[in-house]
Amino acid sequence: MWKGRFQQETSGLVQRYGESISFDWRLYQYDIQGSMAQAEALARAKIITRAEMLLIHQGLKDIEAEIGSGKFEWQMALEDVHMNIEKALTAKIGAPGAKLHTGRSRNDQVALDLRMYCRAEGGAVVELIRGLQRALTEVAMRWQQVIMPGYTHLQRAQPVLFAHHLLAYVEMLERDAGRVQDAVKRLNVMPLGSGALAGSTIVLDREFIAEKLGFGGVTHNSMDAVADRDFAVELCAALALCGTHLSRLSEDVILWVSAEFGFVTLSDAHTTGSSLMPQKKNPDVAELTRGKTGRLYGNLMSLLTLLKGLPLTYNRDMQEDKEPLFDSFDTIKLALEVYAEMMRGLKVNEKAVAAAVADPFLLATDVADYLVLRGLPFREAHEVVGKLTAHSLTTGVAFPDIPLETYQELCPLFEKKVFKVLTLDHAMAARKATGAPSPANVARELAVWQSRLSPKRAAAKRAKAPPR
Ligand code: ARG
């Protein structure tokens, strides 16, 4: 492509070192869509004729079909997706193909392709997040009555509903979807026309191209437009945080399926056996997801490190942006998909959970609250119940079995009613502030999520969104 100035062929090693076609071929559809819009703009500016534009369009469509059917031969010597397609076009249609790159550089071309890729993949990730949110909501509804111990410091703390625990992840995923959508909104500006860095003396109608390709507007600084990869960083950050959430869910699941907890069972289809120990049933999906979170962090670090020392504008270093970005999308998409499937197959072992949540110490705070409601300052109530706990631990007698007289020796405010406080039903119903896990609250939250996540509602929302 640059043979005019050079007298030697590029060394084979340099070709191998510099090629990106082995991974950036994945941008081909965006590259072709961008080139079709570019050709239209060239025709409108009378740089090429309408007949030439039609030839370019037909040639690009043929190439797209060839790539789609696996017949297209990618050539390493042509470096990247942009030059492979351009060369094939010129081979097909001759001179008009050689006019396509007028007023354009690979620098604004790759910026365009990447933005279009991120926009499409961002949308796909949001859909998959919705799928997992839906699965979690379904599982929560199926086991809506189950009360389980909630933990802090991984020590039994206070009772919660299992559904409330799952809905915590639905909230996290909602923020993840929001971050991705926010990044996509910001990246949706069209960089073509920025040229290599300083625009072009061949002036095309950029707004027209933007409109054709479904962008909300155009970039306003040609140097920023070819040097900017903020959108890739933002998305990798959003996906890394989404990975953090899946990893925490994985940790919960791994604990729950252990014999020590025994709270849930995963389906055989979503677990694996051991080649050595016949009794084993391992939560590999959860472990892999926890492990893959490391790659998501690594990809984000790669991108940030890649960009930090680059002077304006485009530098070839930036070719290294693609593999981490692609890997983050590939990794999170598969994780979200497999997680939705696995969670749907989860069964709660109600007996084991009931046994764990029957631990009366889970209600220690409720006893202290009982005293507070009768006028005792919380700190004093805390001490009284602390002594009651010590008594229970040394005598081995649980809260509900300790005689009322003993309660009253510790604090005269205790009456028979305290034993009602020591029931789970009372404990759950009492937690009725907004966001707390009373059964009525959780039922309301489940209904809200179910309607928000209904496929009907999602379709209506998509129909309202601007065209992509
Ligand atoms: N393959 C290149 C990349 O991904 C395309 C841009 C090349 N630009 C250049 N001036 N060599 O970054």
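As a reminder, the structure under discussion sits directly above these lines.
Residues numbered from 1 in each chain as written. Predicted model: local features only at pLDDT ≥ 70, side-chain atom pairs only at ≥ 80, totals over all residues. Heavy atoms only, no water.

What about the overall build of the protein?
Our working definition: We count a stretch as a helix when DSSP gives it H or I for four or more residues in a row; a strand needs E for two or more, and each element gets its number in order from the N terminus. For accessible areas, the Shrake-Rupley method is used with a probe of radius 1.4 Å. Any residue's cover is judged against the shown protein chains and nothing else. Asp and Glu count as negative and Lys and Arg as positive, but His and the ends of the chain are not part of the count. Lys charges are placed at NZ, Arg charges at CZ, Asp charges at CG and Glu charges at CD.
For the protein, the helix and strand inventory stands at 21 helices and 6 strands. A principal-axis box enclosing the C-alpha atoms of the protein has dimensions of 100 × 50 × 45 Å. Accessible surface for the protein amounts to roughly 23,700 Å². Of this, 56% is attributable to carbon and sulfur atoms. In the protein, 56 positive and 55 negative side-chain charges are present, and the distance between their average locations comes to 4 Å.

Things to note about the site of the ligand
Stated formally: Summary of the distance rule: residues count as near a molecule or strand when at least one heavy atom falls within 4 Å of that molecule or strand. Two N or O atoms count as a polar contact when they lie within 3.5 Å, although within protein this holds only if one can serve as hydrogen donor and the other as acceptor, and sequence-adjacent residues are included solely when both atoms are side-chain atoms.
Every residue close to the ligand is listed here: Ser20, Asp80, His82, Arg106, Asn107, Val110, Tyr314, Gln319 and Lys322. Here a nitrogen atom of the ligand sits 3.4 Å away from a polar atom, N or O, in the side chain of Ser20. The side chain of Gln319 places a nitrogen or oxygen atom 2.9 Å from a nitrogen atom of the ligand. Notes on the ligand: free accessible area 340 Å², of which the protein chains cover 86%. Considering every element that reaches the shell around the ligand, the biggest residue donor is helix 7 (residues 106–142), with 3 residues.

Observations concerning empty space enclosed by the protein
To keep things clear, this is the line we draw: Only protein atoms enter the 1 Å grid used here, on which a cavity is any set of points holding a 1.4 Å probe that cannot leave and a pocket is any open set flanked by protein within 12 Å on both sides along at least five of seven lines; residues with an atom within 4 Å of a point are listed as lining. Grid points are joined across faces, edges and corners, and a volume is the space filled by probe spheres set on the points. Three categories are distinguished: nonpolar for Ala, Val, Leu, Ile, Met, Phe, Trp, Tyr, Cys and Pro, charged for Asp, Glu, Lys and Arg, and polar for the others, with Gly belonging to the last.
Using the criterion set out here, one finds 1 cavity of 30 Å³ or more in the structure. Here the largest cavity is characterised by a volume of approximately 40 Å³. Around the largest cavity, the lining residues are Gly243, Leu246, Thr289, Lys292, Thr293, Leu296, Thr331, Ile332 and Ala335. For the lining of the largest cavity, the leading source of residues is helix 12 (residues 284–308), giving 4 residues. Of the residues that constitute the lining of the largest cavity, the class distribution is 4 nonpolar, 4 polar and 1 charged.

Here we look at the packing of helix 12 against helix 13 (residues 322–344)
Test applied: In this analysis an axis means a line fitted to C-alpha atoms, helices contributing only their contacting stretch, and an angle means the value between N-to-C directions, from 0 to 180 degrees. Angular relationships are summarised with four words: roughly parallel below 35 degrees, roughly antiparallel beyond 145, roughly perpendicular across 65 to 115, and oblique for the angles in between. If you view the pair so one helix is near and one far, a crossing is left-handed when the near helix is turned anticlockwise from the far one by less than a right angle, and right-handed when it is turned clockwise. Whether two residues are in contact is decided by their heavy atoms: any pair within 4.5 Å suffices.
One can describe the packing of helix 12 onto helix 13 by two numbers: an axis separation of 9 Å at closest approach and a directional angle of 160°. In terms of axis orientation, helix 12 runs roughly antiparallel to helix 13. The two elements helix 12 and helix 13 meet at a crossing, and its hand is left-handed. Along its contact with helix 12, which presents Val285, Ala286, Thr289, Lys292, Arg295, Leu296, Asn299, Ser302 and Leu303, the element helix 13 presents Pro324, Asp327, Ser328, Thr331, Ile332, Ala335, Val338, Tyr339 and Met342. Each residue belonging to the contact of helix 12 with helix 13 can be placed in one class, and the counts come to 10 nonpolar, 5 polar and 3 charged.

So, a positive patch on the surface
Formally: Patches in this entry comprise residues that are over 30% relatively accessible and not in a salt bridge; like charges within 9 Å are linked, as are nonpolar side chains (Val, Leu, Ile, Met, Phe, Trp, Tyr) within 5 Å. By definition, a salt bridge exists where a carboxyl oxygen of Asp or Glu is found within 4 Å of a side-chain nitrogen of Lys or Arg. Note on classification: 1.4 Å probe, protein chains only; a residue is buried when its accessible area is under 20% of the maximum for its type, exposed when over 50%, partly exposed between these limits.
The grouping of Arg452, Arg457, Lys461 and Lys464 at the surface amounts to a positive patch. When residues in the positive patch are grouped by element, the largest group, 3 residues, is from helix 21 (residues 455–464). Judged by its relative accessible area of 74%, Lys464 is exposed.

Some details on helix 5 (residues 81–93)
Here is the rule we go by: For a helix, the expected span equals 1.5 Å multiplied by the number of residues minus one.
Under the 1.5 Å per step criterion, the end-to-end length of helix 5 is 18 Å for 13 residues, consistent within 8% with the ideal 18 Å. Restricting attention to buried positions, one finds in helix 5 the residues Val81, His82, Met83, Asn84, Ile85, Glu86, Ala88, Leu89 and Ile93. Here the buried face of helix 5 lies against helix 2 (21–24), helix 3 (28–44), helix 4 (50–68), helix 6 (95–99) and helix 7. A positive phi of about 75° marks Gly94, the residue just after helix 5.

Just geometry here; none of it tells us what the structure is for.
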